[in-house]
Amino acid sequence: MIISCAVPPTIPFPAITSLRPLLPDFPCHSMSSLKRSKKDVTFGKPSGFSILGIGKQEAIKYFFGGNATLAVILIFLIVGFLAFHAWNFLPQYKQSLTLYRLSGQEFTDYASDQLEAQKELSSLASQVPAYELKHRLGALYDLEAVHSDFKNKAQKKLIAERKDVQRAQSNLENTLAQQPPVQADIQRAKDRVAESISTLRNRSREILSEIDYSDLDNKSLVTDTKYLDDIRASVTDNIITGETTGFIKGIRELEAKETAIVRALPHMQQLEEAREMLVAPQDAFAAYLKKYRLIASDNKGQAETHSTAAERKEAQLTKARLATSGEQRKIDLIKAERILTETPDYDRLNQPLYQSLDEHLSVQKQLVEHTRLALDSLPGADAFDGPKARSRIDKIHSLGKKFFVTVASKREKMEAWSHTKPVGYGQALSGFFMGTQWVSNSSWQDFYGVLPLLAGSCLVALVAIMLAIPFAVGGAIYVNRLSSPFEQRWIKPIIEFIGAIPSIVMAFLGVVVVGALIQEHSQNPLISWLPSFPVEQDKTILTAGILLALMAIPTVFTLAEDALNNVPKAYKEAALALGSTNLQTVFRVILPSCGSGIIAAVLLGFGRIIGETMVVLLVMGGRIAIPDSISDPAHSMTGIMAQEIGEVEQGSLHWSALFMVGLLLFIIALTLNYLAQTILRRLSKHS
């Protein structure tokens with residue numbers, strides 16, 4: 001048996017065995033017990049520092065172990081906190097949908113959906129002429145808007161000069177009103193007016209000479225440099241006189257003449273006739289809807305009153321029991337008696353809705369026939385020159401096919417509708433996850449469908465991560481494998497510094513700079529053919545995605561570089577020894593070896609940006625609808641929570657719905673993190 005002892009260094013080790021009987025005070029251990037002892041002492045030799053029997057090393061061990069435990073506890077607390085506040089959502093939403101059905105609102109909304117689908121077609125048909133005119137007239141179409149923009153910018157810088165002119169003119173009026181009039185004073189006042197107007201004119205010319213088309217607030221306005229000098233001169237005259245200038249009058253006449261020519265084109269006439277056919281049946285359908293929505297609204301009032309009657313009556317009775325005087329108790333009891341708790345007769349209340357099916361069929365028939373005729377007579381997209389006009393025509397044809405399906409589907413639901421059909425928890429749950437409407441604080445009915453918010457969050461995160469991957473992963477490969485030491489010292493800290501920029505600063509950058517640049521340059525014919533281009537607004541998914549990509553790059557870059565560092569050096573040396581170049585080694589040996597790590601880095605970056613709030617709240621447009629493309633405005637899960645949580649009553653259905661959104665977002669982030677950690681663990685096993 002091998003013996004090890006704690007002996008003074010002056011005693012040679014071979015003599016230990018023979019000296020063993022003579023050294024009873026030195027503790028002796030076997031090799032296995034010595035290893036266990038070293039393992040228990042985490043940081044090697046223990047120190048003499050101790051508080052309450054706990055040494056320095058043990059304190060450090062407990063501190064880090066406690067932090068890990070605290071993190072686990074914190075995660076469970078967050079989940080519990082979210083679940084606690086979201087717990088009542090399903091019962092409350094089920095109750096809300098039950099009242100919605102009992103009152104007949106659901107029935108009238110089926111018909112309302114038919115009209116809304118048809119109105120979308122007529123709305124698109126109304127947009128087409130404007131886009132076609134704008135394309136054909138070019139800069140002439142926007143000239144008056146550009147003139148107005150120039151004038152507004154100039155007037156902001158001419159406040160002092162304009163006030164001086166007003167004071168001079170006021171002084172002249174007062175001088176003229178003096179009795180008896182003094183000609184010398186009148187002449188001095190006139191000279192003063194002329195002088196101030198001359199100053200205003202000169203200053204106006206000076207300021208306008210510095211204003212260019214690039215200074216326009218609305219970057220989508222079409223411009224032409226041939227009008228620039230005329231606009232400046234016209235704005236100067238308009239500021240001085242306050243009257244419509246000859247230039248603007250001439251532009252209006254020319255625009256009216258050109259507009260009349262375009263509108264007289266056969267396909268434009270054809271479009272106008274189709275639009276009129278689409279609009280014609282809407283009034284009759286709207287009148288039908290108005291009549292029965294009023295009935296449903298009254299039913300909803302009775303249903304809501306009944307739903308709270310028992311609680312209100314109990315509260316009134318409690319107040320009566322606590323009354324300090326007999327008279328007050330009598331009054332409270334009378335009030336309690338007046339609160340009716342009888343269930344409304346929903347069969348009778350909804351009878352007019354059931355009887356309206358024939359009337360609905362009549363207005364629906366008109367709606368369908370007119371829509372079919374309009375779509376048949378609608379000109380083809382090829383007849384239009386403008387790309388936006390053509391896209392609207394294509395969309396009308398596309399939605400037109402869906403319209404007839406929607407009408408038939410809604411009619412079937414109306415015929416099968418029954419206010420007595422119970423609303424289950426499954427319907428409430430599917431209404432949340434699959435619902436396409438997020439409507440809060442509505443006088444009609446609140447809906448909490450998370451699908452538009454989920455679509456907005458996922459789409460902007462996808463855009464961001466697709467933009468971030470080339471820069472982040474490419475940067476990590478270059479810095480880690482191909483760059484010089486000098487470049488490594490500069491590039492890596494700069495990229496990582498981007499992560500330290502506050503998100504609100506990024507949001508301001510998007511509001512002021514990025515959105516306007518995208519909107520302006522997407523109008524360029526060289527890139528306007530790209531999908532989703534040209535961009536019509538400055539606050540879109542694309543704008544937010546670009547900013548989120550900047551925020552994701554440091555995260556993905558750092559994690560991707562860690563994955564590259566984990567590749568054994570032998571791989572590189574073997575590849576180079578076989579005659580591969582640096583690029584061949586990187587792309588055929590290194591990257592395949594750390595592919596899982598890079599995927600994990602991308603997933604963690606995705607999780608980082610899907611939870612971002614400030615940028616999406618300020619830059620993404622705030623439109624609650626499922627977006628058609630990345631150039632559309634949209635809303636996100638984080639944005640809706642930040643926007644609405646401060647104005648919601650605690651414990652209400654709206655409150656619970658927001659916490660349901662938070663819980664869903666937490667689960668998504670947790671799942672992404674779990675996937676990334678799983679991939680990293682598998683990578684470490686194979687490395």
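Caption draft 1: Representation of helix H6 (residues 139-156) within the structure. Compared with the 26 Å implied by 1.5 Å per residue over 18 residues, the 25 Å span of H6 between its first and last C-alpha is a close match. Ala145 marks the point of greatest bend in H6, at about 30 degrees. For H6, the complete set of buried residues consists of Ala139, Leu140, Asp142, Leu143, Val146, His147, Asp149, Phe150, Lys153, Ala154 and Gln155. Elements that come into contact with the buried residues of H6 comprise helix H5 (105-137), helix H7 (159-176), helix H8 (183-210), helix H9 (228-241) and helix H10 (246-263).

Caption draft 2: Main features of unusual backbone geometry. In this chain, Gln179 is followed by Pro180 through a cis amide linkage whose omega measures -5 degrees. If you check the backbone angles, Asn441 has positive phi at about 55 degrees while not being a glycine. Mapped onto the fold, Asn441 is located in the loop between strand S5 (438-439) and strand S6 (447-448). Residue class for Asn441 comes out exposed when judged on its relative accessible area of 64%.

Caption draft 3: A look at the packing of aromatic side chains. Applying the stated criterion across every chain, the model contains 15 aromatic pairs. Ring centres of Tyr288 and Tyr292 lie 4.9 Å apart, and the angle between their planes is 50 degrees; on these two criteria the pair is classed as tilted. Taken together, the residues span about one helical turn, with Tyr288 and Tyr292 both in helix H12 (residues 282-321) at a distance of four residues. Judged by centre distance (5.3 Å) and plane angle (35 degrees), the rings of Tyr354 and Trp417 are tilted. Highlighted residues: Tyr354 in helix H15 (residues 351-355) and Trp417 in the loop between helix H17 (387-416) and helix H18 (425-434), separated in sequence by 63 residues. With a relative accessible area of 25%, Tyr354 lands in the partly exposed category.

Caption draft 4: Seen up close, the packing of H5 against helix H16 (residues 357-377). Where H5 contacts H16, the axes come no closer than 11 Å and their chain directions differ by 15 degrees. Between H5 and H16, the interaxial angle falls into the category roughly parallel. Crossing handedness for the pair H5 and H16: left-handed. For the pair H5 and H16, contact is made by Phe107, Ala111, Gln114, Leu115, Gln118 and Leu121 and by Leu357, His360, Gln364, Leu367 and Thr371, respectively. Within the contact of H5 with H16, the residues separate by chemical class into six nonpolar, five polar and no charged.

Caption draft 5: Highlighting the side chain of Ser96. Here Ser96 shows up in helix H4 (residues 89-102). A distance of 3.0 Å separates polar atoms of two side chains, one belonging to Ser96 and the other to Gln445.

Caption draft 6: Geometry of the nonpolar core. Ranked by internal contacts, the top residues of the largest apolar core, which has 60 residues, are Phe150, Tyr213, Tyr227, Ile231 and Tyr288. In terms of residue count, the dominant contributor to this core is H5 (11 residues). Every residue in contact with Ile231, bar those within four places of it in the chain, is listed here: Leu143, Val146, His147, Phe150, Tyr213 and Phe247. The next biggest cluster of nonpolar side chains, apart from the first, holds 52 residues, and it includes Ile465, Ala472, Val556 and Met620.

Caption draft 7: Region of the structure containing the environment of Gln488. Checked against the element boundaries, Gln488 lands in helix H20 (residues 485-498). Not counting residues up to four positions away in its chain, the partners in contact with Gln488 are Val479, Asn480, Ser483 and Pro493. At 2.8 Å, the side chain of Gln488 and the backbone oxygen of Val479 are in polar contact.

Basis of the calculations
- Residues numbered from 1 in each chain as written.
- Predicted model: local features only at pLDDT ≥ 70, side-chain atom pairs only at ≥ 80, totals over all residues.
- Heavy atoms only, no water.
- Helix = DSSP H or I, 4+ residues; strand = E, 2+ residues; numbered from the N terminus.
- Expected span 1.5 Å × (residues − 1).
- Bend = angle between axes of the 7 residues up to and from the residue.
- Buried < 20%, exposed > 50% of the residue type's maximum accessible area, 1.4 Å probe, protein only.
- Contact = heavy atoms within 4.5 Å.
- Phe/Tyr/Trp six-rings, centres within 6.5 Å; stacked < 30°, edge-to-face > 60°.
- Axes fitted to C-alpha atoms, helices over the stretch in contact; angles between N-to-C directions.
- Parallel < 35°, antiparallel > 145°, perpendicular 65-115°, else oblique.
- Left-handed = near helix turned anticlockwise from the far one by under 90°.
- Nonpolar A, V, L, I, M, F, W, Y, C, P; charged D, E, K, R; others polar.
- Polar contact = N/O pair within 3.5 Å; in protein donor to acceptor, adjacent residues only side chain to side chain.
- Core = buried A, V, L, I, M, F, W, Y, C linked by side-chain atoms within 4.5 Å.

By themselves, these figures tell us nothing about what the structure is for.
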